[in-house]
Amino acid sequence: MRFELTEERQMLQDGLRRMLADTVDLKEIIHDETPWSERTWNALAEMGVIGALFTEDQGGFGGAGYDIMVAFEETGRAGAPEPLMESLIAGRLIAELGNVGQKAHIEEVIAGGTQLAFAHSEPGARFDLARVATTARQDGDDWVLTGRKTVVVNGGAADFLVVSARTAGYTGDEDGLSLFLVPRDAVKLRDYPLTGGGSAAEIVMEDLRLPGESLLGEAGHAFPDIELAIARGIAAQCAEALGLMERIRDLTADYLQSRTQFGQPLIKFQALAFRMADLLIEIEQVRSAVINLAGHLDADRTTREIHVSAAKELTSRVAKQVVEESIQMHGGIGITQEYDLGHFVQRLTMVHHRFGDALFHRARFAGLRAA
C-alpha cells in the first residue's frame, strides 16, 4: 500500500517548507520577547495555509485530516510557534456552530486578521474534557458567566475566545456544556510566555454578562463538538511533533557525522549508530500513526477516539525518547540557546503534556477498546 499526498497537498507541503525556511528565524524566536512573528503569520495567511484548515463550505479549501497533517508537520519541522492550532480548534467550532454574525468572523480568521483562542481547560481538570466548573446562567436575554480558565494558549493575543461553560448538570457531566464567543477585552487575563515559543493566559470571569447571541450552537449539547475539536487539535499536534522529531533527527545525525572522537566521526561508534537506528524506527512509527489518525477524523465517534488516543500515546512516548536521546548524543551543546536543538526539544517536550500525556491516553485507549 502506498501513502502519498495528492498533487495539491504535495504542492502545499513543498511551498510551505520553502516559505518557512525563508521566514522563520529561530534566533529571533529564542531571544525576542514577542511570542511569535507577525511576518511569518502574514506569510502563512497569504499562502492560504490557514484556509487549508477549513472546508470549502466554511470559506477555506481543505479541512480534511491530511490537510491538517501537511500544514502542521511543516510548521513543526520549522519550529514555528505561530498560533495556527488555535485557528483550527476555535475557528472550526465557530464555523460549524455559529450563527450568521459569528460565522462572518471566519473570513477574517482565514485572512490572518483575527486571532482566536479556545478557553476550555480549568484548574484541577487535568485532561478530562467534561470537567468544567465555569457556569453560565440566563438573565433575561443575556448570559452571565462565572469561572476560571487556565493555560489558554494565545489568549493574550486573541481577538475572540471560544469559552466553554456549564449551563446544566454537575462538574464532570458530559451533558450540560455550552460554548460562547467572547471578546478578549471582556475578560480579565494574565498573559505569560510558553516554553518553546508562543504564549498562554489565565482567565477570570466574574459575572461576565454577554448578549444572548454569544451562544455557539445549542445550549447544553456542546460536548461532542468539543471532543471533535480536540481530536483535530491532537491530530495537528501529532503532525507537528512528527515534524519536530524529523528536524531533531537531522540535527543529531549531522552532529554525529561531523563531530570526531579518536580520529573518526561519532556515528562510526556502534553504540551511537544503534541508538540512532532505534530513533529512526520510532519516528517512522509516529508517521504511520499520524497518517492513520488523519484518515479517521471523519469516522464514527468511538473509532475516531480510539485512533486519537492511540496516536497521542505513541507520539507522546516517542517524543520523550527523542528528546532524551538527542540531548544525550549531543552532550552539553544540545541544551544551549545558541544551538537550534534546544528550541526544538523544548517545543517537543510541550507536546507530551498538551491534550493528555502518554499515561492518560493509554488508559483512555484501553477504556474505549473495552467499551
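Here is what the cut-offs are and how they apply
- Residues numbered from 1 in each chain as written.
- Predicted model: local features only at pLDDT ≥ 70, side-chain atom pairs only at ≥ 80, totals over all residues.
- Heavy atoms only, no water.
- Helix = DSSP H or I, 4+ residues; strand = E, 2+ residues; numbered from the N terminus.
- Expected span 1.5 Å × (residues − 1).
- Buried < 20%, exposed > 50% of the residue type's maximum accessible area, 1.4 Å probe, protein only.
- Arc of directions from axis to C-beta.
- Contact = heavy atoms within 4.5 Å.
- Axes fitted to C-alpha atoms, helices over the stretch in contact; angles between N-to-C directions.
- Parallel < 35°, antiparallel > 145°, perpendicular 65-115°, else oblique.
- Left-handed = near helix turned anticlockwise from the far one by under 90°.
- Salt bridge = Lys/Arg side-chain N within 4 Å of Asp/Glu carboxyl O.
- Pairing = 2+ DSSP bridges.

Caption draft 1: Fine view of helix H11 (residues 358-370). Helix length check: H11, at 13 residues, gives a terminal C-alpha distance of 18 Å against a target of 18 Å (1.5 Å per residue), a fit within 8%. Every buried residue of H11 is listed here: Ala358, His361, Arg364 and Leu368. All buried residues of H11 lie within an arc of 125 degrees about the axis, which places them on one face of the element. Facing away from the buried side of H11 by over 90 degrees, the exposed positions are Leu359, Ala363 and Ala370. On its buried face, H11 is in contact with helix H7 (223-258) and helix H9 (301-330).

Caption draft 2: How the structure looks around the packing of helix H5 (residues 84-97) against H7. Two elements in contact, H5 and H7, have axes separated by 9 Å at closest approach and are oriented at 150 degrees. Classified by the angle their axes make, H5 and H7 are roughly antiparallel. Taken as a pair, H5 and H7 cross one another with a handedness that is right-handed. Residue-level contacts link Met85, Leu88, Ile89, Arg92, Leu93, Glu96 and Leu97 of H5 to Asp225, Ala229, Arg232, Gly233, Ala236, Gln237 and Glu240 of H7.

Caption draft 3: View of the pattern of salt bridges. Tallied over the full model, the rule gives 28 salt bridges. Between glutamate 246 and arginine 77 there is a salt bridge, with the nearest N and O atoms lying 2.9 Å from each other. Note that glutamate 246 is positioned in helix H7 and arginine 77 in helix H4 (residues 65-78), a separation of 169 residues in sequence. Of the two residues, glutamate 246 and arginine 77, both sit in the buried class. Notably, a salt bridge pairs arginine 184 with aspartate 185, separated by 3.5 Å at the nearest N-O pair. We classify aspartate 185 as exposed; its relative accessible area is 67%. Residues participating in the shared-partner salt-bridge network are Arg17, Glu73, Glu74, Arg77, Glu246 and Arg287.

Caption draft 4: Summary view of helix H6 (residues 100-110). Turning to H6, its buried residues number three or more, namely Gln102, Ile106, Val109 and Ile110. Seen along its axis, H6 keeps its buried residues to an arc of 95 degrees; they face one direction. Opposite the buried face of H6, by more than 90 degrees, sit the exposed residues Val100, Ala104 and Glu107. The inward-facing, buried residues of H6 contact helix H3 (38-47), H5, strand E1 (116-119), strand E5 (177-183) and strand E8 (215-216).

Caption draft 5: Inspection of the environment of leucine 208 at higher detail. Examined against the element boundaries, leucine 208 turns out to sit in strand E7 (residues 199-210). Leucine 208 sits in the buried class, given a relative accessible area of 11%. When the C-alpha positions of leucine 208 and valine 144 are compared, they lie 5.2 Å apart, and in sequence the two are 64 residues distant. Once residues lying within four places of it in the same chain are set aside, the contact partners of leucine 208 are Trp143, Val144, Leu145, Val182, Ala186 and Val187.

Caption draft 6: Summary view of the pairing of strand E3 (residues 142-153). Across five bridges, strand E2 (residues 135-139) lies against E3 in antiparallel orientation. Note that in E3 the partner of threonine 135 across the bridge is threonine 146. A loop of two residues connects E2 with E3, the two strands running antiparallel in sequence, and glycine 140 in this loop sits at a positive phi of about 70 degrees. Bridge count between E3 and E7: eight bridges; the pairing is antiparallel. By the bridge assignment, arginine 148 is partnered in E7 with valine 204.

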